[in-house]
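A look at the structure
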Amino acid sequence: MAKIEDLRTKTDDQLTEQLTELKREQFNLRFQAATNQLEAPARIREVRRSIAQIKTLQNERAAASQKA
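So, here's what we can say about the structure.

About the cut-offs
Residues numbered from 1 in each chain as written. Predicted model: local features only at pLDDT ≥ 70, side-chain atom pairs only at ≥ 80, totals over all residues. Heavy atoms only, no water. Phe/Tyr/Trp six-rings, centres within 6.5 Å; stacked < 30°, edge-to-face > 60°. Helix = DSSP H or I, 4+ residues; strand = E, 2+ residues; numbered from the N terminus. Buried < 20%, exposed > 50% of the residue type's maximum accessible area, 1.4 Å probe, protein only. Core = buried A, V, L, I, M, F, W, Y, C linked by side-chain atoms within 4.5 Å.

**Re the packing of aromatic side chains**
- This model, assessed by the stated rule, comprises 1 aromatic pair.
- Between the aromatic rings of phenylalanine 27 and phenylalanine 31, the centroid separation amounts to 6.2 Å while the plane-to-plane angle is 35°, which identifies the pairing as tilted. In this pair, phenylalanine 27 and phenylalanine 31 are both assigned in helix H2 (residues 12–34), 4 residues apart and thus about one turn of the helix distant.
- You can call phenylalanine 27 partly exposed: its relative accessible area is 46%.
- Look at phenylalanine 31 and you get exposed, because its relative accessible area is 53%.

**A few points about the nonpolar core**
- Leu7, Leu15, Leu19, Leu22, Leu29, Val47, Ile51, Ile54 and Leu57 form the largest nonpolar core, which has 9 residues in total.
- When residues of this core are traced back to their parent elements, those giving at least two are H2 and helix H3 (41–67).

As structure tokens, this is what we get:
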């Protein structure tokens with residue numbers, strides 16, 4: 001799971017790319033859970049939280065750019 005400090009140093013493009021990768025992983029984990037092949041159930045929570053952190057950071061940046 002990524003630390004928020006690490007995410008803050010990344011560019012918008014890097015965050016978008018990481019978000020895409022995490023969403024793909026989340027889809028795969030959800031598919032594994034549906035077919036009872038999931039090996040690490042805690043990973044679903046980690047991925048979901050990482051996605052939320054990235055989206056929050058993107059929204060903060062968007063709000064800051066509109067304010068400026």
